[in-house]
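The lines below spell out each chain.
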Amino acid sequence: MKGNMTIDRELIKQAVKQVLSDRPFLLLSILVAGIAFIYSITIALNIHPSDVTVYSRYTAFGEAHFYKNHWQYLLNFVAFAPIVAFAHIALMVKLHSIERRQTALLVGWLGVITLIIAFVYTMAVIGLGQAA
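Rules used throughout
- Residues numbered from 1 in each chain as written.
- Predicted model: local features only at pLDDT ≥ 70, side-chain atom pairs only at ≥ 80, totals over all residues.
- Heavy atoms only, no water.
- Helix = DSSP H or I, 4+ residues; strand = E, 2+ residues; numbered from the N terminus.
- Buried < 20%, exposed > 50% of the residue type's maximum accessible area, 1.4 Å probe, protein only.
- Contact = heavy atoms within 4.5 Å.
- Areas by Shrake-Rupley, 256 points an atom, 1.4 Å probe, with all protein chains shown as cover.
- Phe/Tyr/Trp six-rings, centres within 6.5 Å; stacked < 30°, edge-to-face > 60°.
- Axes fitted to C-alpha atoms, helices over the stretch in contact; angles between N-to-C directions.
- Parallel < 35°, antiparallel > 145°, perpendicular 65-115°, else oblique.
- Nonpolar A, V, L, I, M, F, W, Y, C, P; charged D, E, K, R; others polar.
- Core = buried A, V, L, I, M, F, W, Y, C linked by side-chain atoms within 4.5 Å.
- Expected span 1.5 Å × (residues − 1).
- pLDDT = per-residue confidence, 0-100.
- Arc of directions from axis to C-beta.

### Notes on the overall build of the protein
Within the protein, the regular secondary structure consists of four helices and two strands. From first element to last, N terminus to C terminus, the protein shows the α and β order α-α-β-β-α-α. Counting all 132 residues of the protein, 26% fall into the buried class. Taking the contacts inside the protein whose residues are at least 6 apart along the sequence as the reference set, 65% of them involve residues at least 24 apart. For the protein, the accessible surface area stands at approximately 9,400 Å², while carbon and sulfur atoms represent 69% of it.

The structure is reproduced here in structure tokens:
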């Protein structure tokens, strides 16, 4: 059991060394993490308690149903960005470690695009609650 842990630690150390030696890759990883941080802080500061309910969609393999939920459900948007950033960066590091650098860079840019689109969408949803 102990032998497997040292192998995992060595693999992690090797992957970190590869990432740190590739400056464009490292900067893209920092960009993804930075956008996720700014997204989370901005959304957290724009959510305000109110009596306005938020529509949420529920589908059960067919018809879509809309329910009204409390404003606290908007806090899920704050957790979305770090999850997306972690998943994209982890996938980038894995792809880079198996010598798929171009694919890893593509995943990084797709993460940036995903976070930007999510930010626009989230601000629109939050704006619905503030307009009422």
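That shown, we press on.
### So, the packing of aromatic side chains
On inspection of all chains with the given rule, the structure shows two aromatic pairs. A centroid spacing of 6.0 Å and a plane angle of 65 degrees characterise the contact between Tyr39 and Phe119, whose relative ring orientation is edge-to-face. Taken together, the positions of Tyr39 in helix H2 (residues 23–46) and Phe119 in helix H4 (residues 101–131) put the pair 80 residues apart, joining distant regions of the chain. Classification of Phe119 as partly exposed rests on a relative accessible area of 30%.

### Let's talk about the packing of H2 against helix H3 (residues 76–97)
Where H2 meets H3, the axes come as close as 8 Å, and the angle between the chain directions of the two elements is 170 degrees. Considering their axes alone, H2 and H3 lie roughly antiparallel with respect to each other. Contacts between H2 and H3 involve Phe25, Leu28, Ser29, Val32, Ala33, Ala36, Tyr39, Ser40, Ile43 and Ala44 from the former and Phe77, Val78, Phe80, Ala81, Pro82, Ala85, Ile89, Met92, Val93 and His96 from the latter. Here the residues of the contact of H2 with H3 sort into 17 nonpolar, three polar and no charged.

### Observations regarding the nonpolar core
Judged by nonpolar contacts, the single largest core of 23 residues is most densely connected at Phe25, Ile43, Ile47, Met92 and Leu115. The element that contributes the greatest number of residues to this core is H4, accounting for eight residues. Apart from the residues lying within four places of it in its own chain, the contact partners of Met92 are Phe25, Leu28, Ser29, Ala104, Val107 and Gly108.

### Quick look at H2
With 24 residues, H2 extends 34 Å from end C-alpha to end C-alpha; this agrees with the ideal 34 Å at 1.5 Å per step. For H2, the set of buried residues is Phe25, Leu28, Ser29, Val32, Ala36, Tyr39, Ser40 and Ile43.

### With respect to the confidence of the model for the protein
Here the protein shows a mean pLDDT of 82. Residues at 70 or above account for 74%. Within the protein, H2 carries the highest mean pLDDT (94), whereas strand S2 (residues 64–69) carries the lowest (59).

### Let's talk about H3
If you check H3, its first and last C-alpha atoms are 32 Å apart, about what 22 residues at 1.5 Å a residue would give, namely 32 Å. Taken as a whole, H3 has its buried residues at Val78, Ala81, Val84, Ala85, His88, Met92, Leu95 and His96. All buried residues of H3 project into a common sector of 145 degrees when viewed along the axis, lining one side. Of the exposed residues in H3, those oriented more than 90 degrees away from the buried face are Asn76, Ile83, Phe86 and Lys94. One or two residues past the end of H3 sits Glu99, with phi positive at roughly 65 degrees.

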